[in-house]
Amino acid sequence: MREYFAKVYKDGYEPFLKMLEKRVKEDQKTFVVTANPETLMIGTENAAFDKILRSEKTMIVPDGIGVVKAANMLGYPVKERVTGVEIVQGLFRLADKHRKSVYLFGAKEDVVSRLAERLEREYKMLTVAGYQNGYVKDKDAVFEEIRALSPDLVLVALGIPAQELLIARHYDQFDKGIFVGVGGSFDVLSGLKKRAPAIFIRWNLEWLYRIIKEPGRFGRFYKSNVKFISKIRKMR
Ligand code: UDP
């Protein structure tokens, strides 16, 4: 667990995006993992995912407030959350600015198709290289298609850890691309699901909003967070 925290991006959203801009411009292959406490707990329980989190090929950003707080408790000066939704929004703007292409993989058909349409409409210089919903059987075959298209951004919304495991299986076969596992971001950015109101975000209570809206998440949230907190306490 400590190895994960040593890698968590410290400087906050703006510098992270600046760095991504440089990497997009220079075609430097990049793999971003957006982490909340649950993500890190899965790492401690799943060997393949642990390898991804530790790999020098991946960057870990603190998506959840729990990761920022825990990092600070352990002496890593992580400044603020860098959320998946905001990274994706930032990447769309960068793709538009630098005339880059985007592939969207994941979420339900109406979500991903609506997001693709929205991108085509709102960003004149960005190209949608393609999209595919996340409920197809053979997800590795989709990655073969993505490789043939060679897009600049590959956003994968299948939930943790499936999205990262899939990216990791194919990453070495790509010459370029910014790869990000973006969880439920397409649902929000398609306009079909609301992100928490600004006040929840400002007070770092976005997690609470999600539980209120989707009570089915509570079991999963509780289990991983209780374990996470006790693990962090023991590490101090
Ligand atoms: N999803 C998918 N295929 C699946 C399972 C999930 O495309 O087989 C999508 C789902 O529609 C949603 C995203 O993956 O858009 C997962 O969102 P969630 O908020 O659960 O992400 P997490 O909390 O796991 O990051």
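Provided above is the structure to which this section pertains.
All of the points below concern the structure found in this document. Here the structure is a predicted model, which is why all the values come from computation and not from measurement.

**A word on the overall build of the chain**
Then, in step 1: Looking only at helices and strands, the chain has 13 helices and six strands in total.
Then, in step 2: Projecting the C-alpha coordinates of the chain onto the three principal axes gives extents of approximately 50 × 35 × 35 Å.
Then, in step 3: Counting every position in the chain, which comprises 236 residues, the buried fraction comes to 49%.
Then, in step 4: The long-range share in the chain, meaning contacts at least 24 apart out of those at least 6 apart in sequence, stands at 76%.
Then, in step 5: A total of about 11800 Å² of accessible surface is found on the chain, and carbon and sulfur atoms cover 52% of it.
Then, in step 6: Between the centroid of the 42 positive side chains of the chain and the centroid of its 30 negative side chains there is a distance of 6 Å.

**Examining the site of the ligand**
Then, in step 1: Taken together, 15 residues lie near the ligand, and Ala107, Gly134, Asp187, Arg210 and Arg217 sit nearest.
Then, in step 2: Calculation on the ligand without its partners gives an accessible area of 550 Å², and the protein chains cover 78% of this total.
Then, in step 3: A breakdown of the residues in the shell around the ligand according to their chemical character gives five nonpolar, five polar and five charged.

**Here's the deal with the nonpolar core**
Soluble globular proteins: nonpolar side chains tend toward being buried together.
Then, in step 1: The biggest cluster of nonpolar side chains holds 37 residues, and the ones touching the most others in it are Phe16, Leu20, Leu91, Phe92, Leu104, Leu155 and Phe186.
Then, in step 2: Secondary structure elements with two or more residues in this core: helix H2 (13–25), strand S2 (58–62), helix H6 (84–97), strand S3 (101–106), helix H7 (109–122), strand S5 (153–157), strand S6 (178–181) and helix H10 (185–189).
Then, in step 3: Looking at which element gives the most residues to this core, the answer is H6, with seven residues.
Then, in step 4: Apart from residues lying up to four places away in sequence, leucine 104 is in contact with Phe92, Val112, Leu115, Ala116, Leu119, Gly130, Tyr131, Gln132, Leu155 and Phe186.
Then, in step 5: Counting 36 residues, the second-largest nonpolar core is a separate cluster that includes Ile65, Val68, Ala71 and Phe174.

**With respect to the side chain of glutamine 163**
Then, in step 1: With respect to the helices and strands, the residue glutamine 163 is situated in helix H9 (residues 162–170).
Then, in step 2: The contact partners of glutamine 163, leaving out residues within four places of it in the chain, are Val156, Ala157, Leu158, Gly181, Val182 and Gly183.

**Focus: the packing of aromatic side chains**
Then, in step 1: Under the definition given, this model contains eleven aromatic pairs.
Then, in step 2: For the ring pair tyrosine 171 and phenylalanine 179, a centre distance of 5.3 Å and an interplane angle of 75° mean the geometry is edge-to-face.
Then, in step 3: Residue tyrosine 171 is classed as buried on the basis of its relative accessible area, which comes to 5%.
Then, in step 4: In this structure phenylalanine 179 comes out as buried when scored by relative accessible area, which is 0%.
Then, in step 5: Ring pairs connect the aromatic residues Phe31, Phe105, Phe143, Tyr171, Phe174 and Phe179, which therefore count as one cluster.
Then, in step 6: A cation sits over an aromatic face here: lysine 29 above tyrosine 171, 4.3 Å from the ring centre.

**Focus: helix H8 (residues 139–149)**
Then, in step 1: Looking at H8, one finds that the buried residues are Val142, Phe143 and Ile146. All buried residues of H8 fall inside an arc of 100° around its axis, so they share one side.
Then, in step 2: For H8, the secondary structure elements touched by its buried residues are S3, strand S4 (127–132), S5, H9 and S6.
Then, in step 3: Looking one or two residues past H8, serine 150 carries a phi angle of roughly 50°, positive in sign.

**Some remarks on the environment of lysine 7**
Then, in step 1: Residue position: lysine 7 is located in helix H1 (residues 2–7).
Then, in step 2: Taking relative accessible area as the criterion, lysine 7 reaches 25% and is therefore assigned partly exposed.
Then, in step 3: Non-local contacts of lysine 7, meaning those with residues more than four positions away in its chain, are made with Ile52, Leu53, Arg54, Ser55, Thr58 and Ile60.
Then, in step 4: Looking at lysine 7, its side chain comes within polar contact range of the main-chain oxygen of leucine 53, at 2.7 Å.

**Points about the pattern of salt bridges**
Then, in step 1: This model, assessed by the stated rule, comprises 18 salt bridges.
Then, in step 2: Lysine 100 serves as the salt-bridge partner of aspartate 27, at 3.7 Å between the closest nitrogen and oxygen. One end of the pair, aspartate 27, is in the loop between H2 and strand S1 (30–35); the other, lysine 100, is in the loop between H6 and S3, with 73 residues separating them in the sequence.
Then, in step 3: Under the relative-accessibility criterion, lysine 100 is labelled buried at 13%.
Then, in step 4: The partner of arginine 217 in a salt bridge is glutamate 214, and the shortest N-O contact between them spans 3.2 Å.

Cut-offs and rules
Counting starts from 1 at the beginning of each chain's written sequence and moves along it residue by residue. Reporting in this predicted model follows two pLDDT cut-offs: at least 70 for local features of residues, and 80 or more for side-chain atom pairs to be given and counted; totals over whole chains, interfaces and linings ignore these cut-offs and use all residues. Side-chain measures were taken over the full set of non-hydrogen atoms in the model, leaving aside hydrogen atoms and water. Counting from the N terminus, the helices are DSSP H or I runs at least four residues long and the strands are E runs at least two residues long. To sort residues, take the accessible area from a 1.4 Å probe on protein chains only and compare it with the maximum for the residue type: under 20% means buried, over 50% means exposed, and anything in between is partly exposed. Contacts are assigned to residue pairs with any non-hydrogen atoms lying within 4.5 Å of each other. Exposure was quantified through the Shrake-Rupley algorithm and a 1.4 Å probe, taking into account, for residues, occlusion by the shown protein chains and nothing else. Positive: Lys, Arg. Negative: Asp, Glu. His and the chain ends are not part of the count. Taken as the charge centre is NZ of Lys, CZ of Arg, CG of Asp or CD of Glu, depending on the residue. Note on definitions. A residue lies near a molecule or strand when any single heavy atom of the residue is within 4 Å of it. As a working rule, the residues Ala, Val, Leu, Ile, Met, Phe, Trp, Tyr, Cys and Pro are called nonpolar, Asp, Glu, Lys and Arg charged, and the rest polar, with Gly in that last group. The nonpolar core is taken to be a set of buried Ala, Val, Leu, Ile, Met, Phe, Trp, Tyr and Cys residues, with the residues joined through side-chain atoms within 4.5 Å. Stacked, tilted and edge-to-face are the three classes applied to pairs of Phe, Tyr and Trp rings, where Trp contributes its six-membered ring and a pair requires centres within 6.5 Å; stacked means planes under 30 degrees apart, edge-to-face means over 60, and tilted covers the rest. Definition used: whenever NZ (Lys) or CZ (Arg) falls within 6 Å of the ring centre and also within 35 degrees of the ring normal, the charge is taken to sit over that ring. As used here, the arc belongs to the directions running from the helix axis to the C-beta atoms. The definition of a polar contact used here is a pair of N or O atoms within 3.5 Å, where within protein one atom must be able to donate a hydrogen and the other to accept one, and adjacent residues in sequence count solely through side-chain atom pairs. The term salt bridge refers to a pairing of a side-chain nitrogen on Lys or Arg with a carboxyl oxygen on Asp or Glu at a separation within 4 Å.

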